[in-house]
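Each chain, written out:
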Amino acid sequence: MIAVIKGDIVSSRKVENSEKWLLPLKSLFNEWGKSPGQWEIVWGDSFQLEVDRPEEALKKALRVKALIKKIVSDETNKSLIDVRMAIGIGGKSYTGERITESNGEAFINAGEKFEELEKEKFNLLVKSPWPDFDGEMNLFIRLASVFMDKWSVASAELVEVALEHPDYTQNEIGSRLGIKQNSVSGRWKRANIDEVLSMEQMYRRKLERLLL
């Protein structure tokens, strides 16, 4: 079993210089694997990422979302773009030289769910071989999307650090971001980070049991 994250950048043209989001995204993907076999960005703002451990897929998707949501345009300090992603879980039947040439259940599930995202008006959903798991997790993801899609640049910066360094204290996060602990606490609540982390942990626990 693997996971495939299929996504694209929403409203990417609102950022005049695409390198502002493209270079950080490539850097993050390079931490997780090599291109073009494990990840690839195509058509300017669409991408695929293979995740060897499916239980890590939601956390990686959340890190991608936080990275993109902290990007600002040249004219404003607000987040103008977002990312739309489908997580497909399943087997892999063929490994191509490029991820776009590989195939299998995980790729099919990611592609099918990605096609449904715009119709369902959500930016993140999952499809696996287990309908009950999908139904439960997608309900939680939909609820979390109510606030995740509204993350400010400051919230996204905090979420990014919290996901990358889950053992950091608020003082350590503050030092990383150059802000005081009480500012971290305020941002933490506004970003609903406790709820995000709880959702990610639930996804991980449920999937680990299914994969046994």
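Details of the structure are given in the entry above.
The model shown is predicted, which means the values in this text are computed figures rather than measured ones. (Residues numbered from 1 in each chain as written. Predicted model: local features only at pLDDT ≥ 70, side-chain atom pairs only at ≥ 80, totals over all residues. Heavy atoms only, no water.)

Engineer: Please give an account of the pattern of salt bridges that cites residues and values.
Structural biologist: When their charged atoms lie close together, side chains carrying opposite charge are able to pair. Counted by the stated rule, this structure contains 19 salt bridges. Note that glutamate 31 and arginine 63 form a salt bridge whose closest N and O atoms lie 3.8 Å from each other. Note that glutamate 31 is positioned in helix α1 (residues 19-32) and arginine 63 in helix α2 (residues 57-69), a separation of 32 residues in sequence. Owing to a relative accessible area of 13%, arginine 63 belongs among the buried residues under this scheme. For glutamate 136, the salt bridge identified is with lysine 206, shortest N-O distance 3.3 Å. Here lysine 206 lies in helix α8 (residues 193-211) and glutamate 136 lies in helix α4 (residues 131-148), a separation of 70 residues in the sequence. Classification of lysine 206 by relative accessible area gives partly exposed; the value is 21%. (Salt bridge = Lys/Arg side-chain N within 4 Å of Asp/Glu carboxyl O. Helix = DSSP H or I, 4+ residues; strand = E, 2+ residues; numbered from the N terminus. Buried < 20%, exposed > 50% of the residue type's maximum accessible area, 1.4 Å probe, protein only.)

Engineer: Give a detailed account of the nonpolar core, specifying residues and quantitative values.
Structural biologist: Among the nonpolar cores identified, the biggest contains 53 residues, and Phe47, Val64 and Ile87 are the most heavily contacted of them. For this core, the element with the most residues is α2, which contributes eight residues. In this structure phenylalanine 47 touches Ile5, Lys6, Gly7, Asp8, Ile9, Leu25, Phe29, Glu40, Ile41, Val64, Val83 and Met85, once residues within four positions along its chain are discounted. (Core = buried A, V, L, I, M, F, W, Y, C linked by side-chain atoms within 4.5 Å. Contact = heavy atoms within 4.5 Å.)

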